[in-house]
Amino acid sequence: MKPSRKIDLSAFRPRIERMERRRFLKQGLSLGALSLLSGCTLKDEDAVDRLLFAMSRFNDRVQAALFNPSKLAPTYSEAEVVTPFPFNAYYEEKEAPVINGDDYRLKLSGLVADKRSWTLGELRALPQTSQITRLVCVEGWSAIGQWRGVPFRQFLERVGADTTARHVGVACADKYSTSIDMATALHPQTLLALDFSETKYGYPLRLRIPTKLGFKNPKFIAEIFVTNDNPGGYWEDKGYNWFSGS
Ligand SMILES: Nc1nc2c(c(=O)[nH]1)N[C@H]1C(S)=C(S)[C@@H](COP(=O)(O)O)O[C@H]1N2
Ligand SMILES: [Mo]
């Protein structure tokens, strides 16, 4: 019997959702259109996986190319700040790490000239700015908050990071990790945040990136590294769109 060419969409739905189904639909690309484009009959799940993964990587490149390094995310007034700010992590709130600021050291590695680690006091001695922006989580909520810290571009320049490298990776104390493109790392609103309302929001150090989705805003940062390889990350490795920004 001839194998059926009809695609049972429901079987692929969880996978499509993981790969940001909405993005495909927004761009008017249905699975049917994908199969025409690719010449793939999409009858085995592996082929679909490989195709969606390739599409996602393609989207990353297109999105990175479209990223406008000077376009600012909206900012808000102090009156609009949400308290208490919603907490989110891959675990329950009560499991959030508690880090002793006194012996905290930020580690640096990869394509960085000065790999010396940083104490909180040293980080606080750098010029600080503050921002009131909206954090948007893929899980369907967003909230306006305030963060204060060192503009990440200034920090990267200060430590002699190779800003022609492609990626900045971040490893966290709770085993979370993520990575961003260099254009976003150098964006004027990307902030190495030292001040936020409570420790569970990432004490002592997090990256606040208002041009990226919440999951690309690492909390409890232990180490920052600069690299030309794409380091992926906790959610990125589970299929979330790597660029995930605007
Ligand atoms: N270290 C670490 N950072 C993390 C996460 C995490 O689980 N661990 N979750 C991410 C997700 S999915 C979101 S939406 C935001 C939530 O930040 P908030 O707790 O300040 O709201 O943190 C991001 N950074
Ligand atoms: Mo999130």
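This section reports on the structure supplied with the text. Along each chain, numbering runs from 1 in the same order as the chain's sequence is written. Chains carry letters and ligands carry numbers; both start at the beginning, A for chains and 1 for ligands, and go up in the order they are written. The model is predicted, so local features are restricted to residues of pLDDT at least 70 and side-chain atom pairs to those at 80 or more, both for listing and for counting; the totals for chains, interfaces and linings are taken over all residues. To obtain the side-chain values, all non-hydrogen atoms of the structure were included, while hydrogens and water were left out.

1. Brief notes about the packing of aromatic side chains
1) Next: Paired rings are identified among Phe, Tyr and Trp, the last through its six-membered ring, by centres lying within 6.5 Å, and are further divided according to the angle between planes into stacked (under 30 degrees), edge-to-face (over 60) and tilted (the rest). Per the counting criterion, the structure on display carries 13 aromatic pairs.
2) Next: Ring centres 6.5 Å apart and planes at 80° place the aromatic pair Phe-85 and Trp-141 in the edge-to-face group. Residue Phe-85 is located in the loop between α4 (45-66) and β1 (107-110), and its partner Trp-141 is located in strand β3 (residues 141-151); the two are separated by 56 residues in the primary sequence.
3) Next: Each residue is placed in one exposure class: buried if its accessible area under a 1.4 Å probe, protein chains only, is under 20% of its type's maximum, exposed if it is over 50%, and partly exposed if it falls in between. Using a relative accessible area of 22% as the deciding quantity, one classes Trp-141 as partly exposed.
4) Next: Grouping aromatic residues by their ring pairs yields a cluster made of Tyr-90, Tyr-91, Tyr-176, Phe-215, Tyr-234, Trp-235 and Tyr-240. Strands are runs of DSSP state E lasting at least 2 residues, helices are runs of H or I lasting at least 4, and numbering of each runs from the N terminus.

2. Observations concerning the nonpolar core
1) Next: Membership of the largest hydrophobic core comes to 33 residues, with the highest contact counts inside it found for Leu-106, Leu-123, Phe-155 and Leu-192.
2) Next: Of all the secondary structure elements, the ones that give two or more residues to this core are α5 (120-124), α6 (152-158), β4 (167-172), α7 (182-185), β6 (191-195) and β8 (221-227).
3) Next: Contact between two residues is taken to exist if any of their heavy atoms lie within 4.5 Å; hydrogens are not considered. Residues contacting Leu-106, with those up to four places away along its chain left out, are Ser-117, Trp-118, Leu-123, Phe-155, Leu-205, Ile-221, Ala-222, Glu-223 and Ile-224.
4) Next: Definition used in this section: a nonpolar core is a set of buried Ala, Val, Leu, Ile, Met, Phe, Trp, Tyr and Cys residues joined via side-chain atoms within 4.5 Å. Core analysis: the second largest hydrophobic core is formed by 12 residues, Tyr-91, Ala-143, Ala-193 and Tyr-201 among them.

3. As for the sheet that holds β8
1) Next: Note: two strands are recorded as paired if DSSP finds a minimum of 2 bridges between them. Strand order in the open sheet formed by 4 strands is β1-β8-β4-β5, and the pairing between neighbours is mixed. The open sheet has two edge strands, β1 and β5 (177-181), and neither has a second partner. Strand-to-strand twist of the sheet, defined as the mean angle between neighbouring strand axes without regard to direction, takes the value 20°.
2) Next: As judged from the 5 bridges shared by β4 and β5, these two strands associate in the antiparallel manner. Within β5, the position partnered with Gly-169 by the bridge is Ser-179. For helices, the fitted line uses only the C-alpha atoms of the stretch in contact; every axis is such a line through C-alpha atoms, and the angle between N-to-C directions lies from 0 to 180 degrees.

4. Topic: the site of ligand 1
1) Next: Near ligand 1 lie 19 residues; those nearest to it are Pro-86, Asp-174, Arg-206, Asn-217 and Lys-219.
2) Next: What qualifies as a polar contact is a pair of N or O atoms within 3.5 Å, subject to a donor-acceptor requirement within protein and to the restriction that residues adjacent in sequence count only when both atoms come from side chains. For ligand 1, a nitrogen atom lies 2.9 Å from a polar atom in the backbone of Asn-217.
3) Next: Side-chain polar atom of Lys-219 to an oxygen atom of ligand 1: 2.5 Å apart, as the coordinates give it.
4) Next: Each accessible area value is a Shrake-Rupley result obtained with a 1.4 Å probe; residue values ignore everything except the protein chains displayed when judging cover. Bound to the protein, ligand 1 loses 99% of the 530 Å² it would expose on its own. The cutoff for a nearby residue is simple: one of its non-hydrogen atoms must lie within 4 Å of the molecule or strand.

5. Quick notes on the environment of Thr-119
1) Next: Tracing the backbone shows Thr-119 in the loop between β1 and α5.
2) Next: Each C-alpha atom of the pair Thr-119 and Leu-106 lies 6.5 Å from the other, and the pair is 13 residues apart in sequence.
3) Next: Setting aside residues no more than four positions away along its own chain, Thr-119 makes contact with Tyr-104 and Arg-105.

6. Let's talk about the pattern of salt bridges
1) Next: For this analysis, a salt bridge means a side-chain nitrogen from Lys or Arg found within 4 Å of a carboxyl oxygen belonging to Asp or Glu. On inspection of all chains with the given rule, the structure shows 10 salt bridges.
2) Next: Among the ionic pairs, Arg-116 bridges to Glu-122, the shortest N-O distance being 3.4 Å.
3) Next: Relative accessible area serves as the criterion here: at 38%, Arg-116 is assigned to the partly exposed category.
4) Next: Taking the shortest distance from any N to any O, the salt bridge between Lys-212 and Asp-181 comes out at 3.0 Å.

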